[in-house]
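Observations on the three-dimensional arrangement
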There are 2 protein chains.
Amino acid sequence: MYLTWRRARHRFGEVIRLPISSRIEDYMEEIFALEISGREATVTDLANALGVAKATVVAAVRRLSEASMVSHERYGAFRLTEKGRERALRIHRRHEHLTFLFEDILGFDKKRAQAMACVLEHEMDEEAEVRIMGFTDYLARAQKEGREWVKDLLSVMGDERKLPRPLAMIPEGEKGVVTRVTAEEPLRGRLFSLGLSPGAAILRLAAPPGDELVNLEADGNEITLKMTEAASVWICTGPDRGPYKRGGMEDVPYNHSA
Amino acid sequence: MYLTWRRARHRFGEVIRLPISSRIEDYMEEIFALEISGREATVTDLANALGVAKATVVAAVRRLSEASMVSHERYGAFRLTEKGRERALRIHRRHEHLTFLFEDILGFDKKRAQAMACVLEHEMDEEAEVRIMGFTDYLARAQKEGREWVKDLLSVMGDERKLPRPLAMIPEGEKGVVTRVTAEEPLRGRLFSLGLSPGAAILRLAAPPGDELVNLEADGNEITLKMTEAASVWICTGPDRGPYKRGGMEDVPYNHSA
DNA sequence: GGAAAAAGTAAGATGTATCTAACTTGGAGG
DNA sequence: CCTCCAAGTTAGATACATCTTACTTTTTCC
Ligand SMILES: [Mn+2]
Ligand SMILES: [Mn+2]
Ligand SMILES: [Mn+2]
Ligand SMILES: [Mn+2]
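This write-up is about the structure you can find in this document. (Residues numbered from 1 in each chain as written. Chains lettered and ligands numbered in written order. Predicted model: local features only at pLDDT ≥ 70, side-chain atom pairs only at ≥ 80, totals over all residues. Heavy atoms only, no water.)

**Things to note about the overall build of chain A**
Put simply, the rule reads: Each helix is a run of DSSP H or I of at least 4 residues and each strand a run of E of at least 2, with the numbering of both proceeding from the N terminus. Here's how the labels work: a residue is buried when its accessible area is under 20% of the maximum for its type, exposed when over 50%, partly exposed in between, all with a 1.4 Å probe on protein chains only. We call two residues in contact when some of their heavy atoms are within 4.5 Å. Per-residue accessibility takes into account occlusion by the displayed protein chains alone, with areas from the Shrake-Rupley method and a 1.4 Å probe.
Across its full length, chain A carries 10 helices and 8 strands. Looking at chain A residue by residue over its 258 residues, the buried ones come to 48%. A fraction of 59% describes how many contacts in chain A between residues 6 or more apart in sequence connect residues 24 or more apart. Within the structure as shown, chain A displays about 12,400 Å² of accessible surface, and the carbon and sulfur contribution to it stands at 51%.

Quick look at the structure:
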């Protein structure tokens, strides 16, 4: 059991590097959420909140305790240290405000909003948080004031829409419309000046021999691109793709709530 | 070595559940990106792209191969199967378009945009993707057309801003302003009608005995809340918090690029 | 005050993702 | 044709997050 080994090293005063993974941050976040609502954070609470076995919580909290994020005496409740509370506050705040953005403003369903918030919260620094917060507040305010553009913005989100494929995947002879060019800047400008910008109608032509090039007609002009270039041009084809299929999210690794 | 065991079971025809984790999806995404730019996906390519050892790629691809997502004969290049290519397309498309949104539209720096896109891409279903796409396109278009509201929206994102704390963390005697109420609906309405809505000025008063309640003054009226309720009211205090500190993102578990 | 229930902890195991070090294979050049 | 090197693979190990089962401590309540 590796925890035994870890604890042994710990006891002998060895300094152990203790990275706090995003999953472990979820435990901190939950302890924080319990603390600020006036409840004590117990093993059972965390196990229920995070959907794991109690033994798993014990292991997680031991890590947090060794990292001086949580203080814990045997059979007692957990308390965040000052350092741990600071960090947990950041995570919790990001979670709450991202959820607010995704669910209350942008209209994602609750489960999706939670899932998205719960991964994004670990990938933001303070600057990103400040930016998202400004964005969210601006939208919220515009919505409350009944601005037309917010209504439009939110209503187009609900529209059905075909999803594009990279130009390289379009078969010869097929027509389509450019919906996005995701290339970095020097190339992006070049593609735009060739007529490959959102809205342009294209027709893929027979490929020249060699497998490295793509021929196509863009708004009437015949052009040739390298495959690497074509990879960043996204094309919607066919008017006949029915309503979008629901689904996806297969095999999400964790089933957590925090 | 667990791979030996897994392969053994596989050979004997046992059906093994093969969940594809978000990390494994990153490998698929990278194979896809190589394929559409006309290159072959090799062990070395993937190892470089994902920042892992070659042996790690071999293990990952074995999983993909057993899940029928990738075909691979020894010492040859990888090719996505039809099923694998469908899935990889979805991931790659989400990655590209989220990056476009975060970096090109919303102005996050490249690294942050990549990190955020690379976790979010695994938490979206097709509906979420369609919604984000509509949102992104609308913003892109409004920006190209020079709409004032987009300029304002993007400029407030760059503003400095104090970050709030839950009401429960505000010390007695401190004043502040409500910036958000993240409660669910029945409670949210009640809090709003008590005067606790964004913009309200509050002053925390001495707590009543018992540790379960919070006293405060909101726009002049004295009110009492349960701690659980107070947890969802976010308060900004003090005019004296300097420019926000940069930082965060400590201990991110993976260092991937895909 | 003691028995039963609930809460917490420990041990041992599994599955995933990763590494390094050694080994094998295929192909390019002489 | 052979050699050698780059590319690919295997073996064996570590770290983390998780589980189940069994044990210990605390709490509850008659
Ligand atoms: Mn999370
Ligand atoms: Mn969370
Ligand atoms: Mn990813
Ligand atoms: Mn990605």
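Moving on, there is more to tell.
**Some words on the environment of Glu 126 of chain A**
All names here are of chain A. By the secondary structure assignment, Glu 126 is in helix α7 (residues 126-144). The class for Glu 126 is buried, based on a relative accessible area of 9%. On a C-alpha basis, the gap between Glu 126 and Arg 94 in space is 9.6 Å, while along the polypeptide they are 32 residues apart.

**Some remarks on the pattern of salt bridges**
Residue and element names in this part refer to chain A. The condition is simple: Any Lys or Arg side-chain nitrogen located within 4 Å of an Asp or Glu carboxyl oxygen qualifies as a salt bridge.
Counted under the stated rule, the structure contains 32 salt bridges over all chains. Residue Glu 25 pairs with Arg 87 through a salt bridge whose shortest N-O separation is 2.7 Å. On the criterion of sequence distance, the pair formed by Glu 25 in helix α2 (residues 22-36) and Arg 87 in helix α5 (residues 82-105) is long-range, its members being 62 residues apart. When sorted by exposure, Glu 25 lands in the same class as Arg 87, which is buried.

**Observations concerning the sheet that holds strand β6 (residues 213-218) of chain A**
Residue and element names in this part refer to chain A. Our working definition: By the convention used here, strands pair only if DSSP detects at least 2 bridges between them.
Strand order across the open sheet formed by 6 strands is β3-β8-β4-β5-β6-β7, with antiparallel pairing between neighbours. The sheet is open, and its two borders are formed by β3 (165-166) and β7 (221-226), each paired with just one other strand. Note: strand β4 (residues 175-181) against strand β5 (residues 201-204), 3 bridges, orientation antiparallel. Bridge pairing links Val 177 to Ala 201 in β5.

**Quick notes on the relation of the copies chain B and chain A**
The line we're drawing: To line up the copies, we fit them by least squares on C-alpha atoms, keeping just the residues with pLDDT of at least 70 in both.
Laying chain B over chain A is done by rotating through 180° and shifting 0.0 Å along the axis; what remains is an RMSD of 0.0 Å. Each copy turns onto its partner about a two-fold axis. When you check the interface residues of chain B against chain A, 99% turn up at the interface there too, and the contact is symmetric in its surfaces.

**Re the packing of helix α3 (residues 43-50) of chain B against helix α4 (residues 54-66) of chain B**
Residues and elements named next belong to chain B. Stated formally: The axes are straight lines fitted to the C-alpha atoms, using for helices just the contacting stretch, and the angles between their N-to-C directions are given from 0 to 180°. Any angle that is under 35 degrees is reported as roughly parallel, and any over 145 degrees as roughly antiparallel; angles of 65 to 115 degrees are reported as roughly perpendicular and all others as oblique. Gly falls in the polar group here, along with every residue not listed as nonpolar (Ala, Val, Leu, Ile, Met, Phe, Trp, Tyr, Cys, Pro) or charged (Asp, Glu, Lys, Arg).
Contact pair α3 / α4: the axes reach a minimum separation of 8 Å and the direction vectors enclose 105°. By the angle between their axes, α3 is roughly perpendicular relative to α4. Residue-level inspection shows Val 43, Thr 44, Leu 46 and Ala 47 of α3 in contact with α4, the latter providing Lys 54, Val 57, Val 58 and Val 61. For the contact of α3 with α4, the per-class residue count stands at 6 nonpolar, 1 polar and 1 charged.

**Observations regarding the interface of chain B and chain A**
Many descriptions give the size of an interface as the accessible area lost when the pieces come together. Here is the rule we go by: Buried area: the sum, over both parts, of the accessible surface (1.4 Å probe) that disappears when the two are put together. What qualifies as a polar contact is a pair of N or O atoms within 3.5 Å, subject to a donor-acceptor requirement within protein and to the restriction that residues adjacent in sequence count only when both atoms come from side chains.
With 82 residues of chain B at the contact, the number on the chain A side is 81 residues. Carbon and sulfur atoms make up 60% of the surface buried where chain B meets chain A, a total of about 7,900 Å² over both sides. Of all residues in chain B, Glu 123, Arg 131 and Arg 180 of chain B give up the largest surface area on contact with chain A, accounting jointly for 10% of the area buried on that side. Taken together, the links from chain B to chain A amount to 10 salt bridges. Between Asp 137 of chain A and Arg 161 of chain B there is a salt bridge whose closest N-O contact spans 2.5 Å. Connecting chain B to chain A are 20 residue pairs in polar contact (both at pLDDT 80 or more). When contributions to the side of chain B that touches chain A are tallied by element, the ones reaching two or more residues are α2 (22-36), α5 (82-105), α6 (110-120), α7 (126-144), α8 (148-158), β3 (165-166), β4 (175-181) and α10 (227-230) of chain B. Counting residues per element, the side of chain B that touches chain A draws most heavily on α7 of chain B, which supplies 13 residues.

**Some remarks on empty space enclosed by the protein**
Here is the rule we go by: Here a cavity denotes grid points, spaced 1 Å and computed from the protein atoms alone, that fit a 1.4 Å probe unable to get out, and a pocket denotes an open set having protein on both sides within 12 Å along at least 5 of 7 lines; residues with an atom within 4 Å of a point are the lining. Grid points are joined across faces, edges and corners, and a volume is the space filled by probe spheres set on the points.
With the rule as written, the count across this model stands at 5 cavities of 30 Å³ or more. Space inside the largest cavity adds up to approximately 120 Å³. Taken together, 13 residues form the lining of the largest cavity, with Leu 101, Phe 102 and Leu 106 of chain A together with Leu 101 and Phe 102 of chain B sitting closest to its centre. Elements supplying a minimum of two residues to the lining of the largest cavity: α5 and α7 of chain A together with α5 and α7 of chain B.

**Details of the packing of aromatic side chains**
Condition: Classification of ring pairs uses Phe, Tyr and Trp, with its six-membered ring standing for Trp, and accepts pairs whose centres are within 6.5 Å; under 30 degrees between planes counts as stacked, over 60 as edge-to-face, and the remaining range as tilted.
All told, the structure shown has 6 aromatic pairs over all chains when counted by the stated rule. Arranged with centres 6.0 Å apart and planes meeting at 25°, the rings of Tyr 138 of chain A and Trp 149 of chain A form a pair that is stacked. Linking Tyr 138 of chain A in helix α7 with Trp 149 of chain A in helix α8 (residues 148-158), this pair joins segments that are 11 residues apart in sequence. For Tyr 138 of chain A, a relative accessible area of 21% corresponds to the partly exposed category. Taking the relative accessible area as the measure of exposure, Trp 149 of chain A reaches 11% and is therefore buried. With 4.1 Å between their ring centres and 5° between their planes, Trp 149 of chain A and Trp 149 of chain B make a pair best called stacked. Placement of the pair is Trp 149 of chain A in helix α8 and Trp 149 of chain B in helix α8, with the two residues belonging to separate chains.

**Some thoughts on the environment of Met 28 of chain B**
Residue and element names in this part refer to chain B. Note on placement: Met 28 falls in helix α2. For Met 28, a relative accessible area of 0% corresponds to the buried category. Placed 59 residues apart in sequence, Met 28 and Arg 87 show a C-alpha to C-alpha distance of 8.1 Å.

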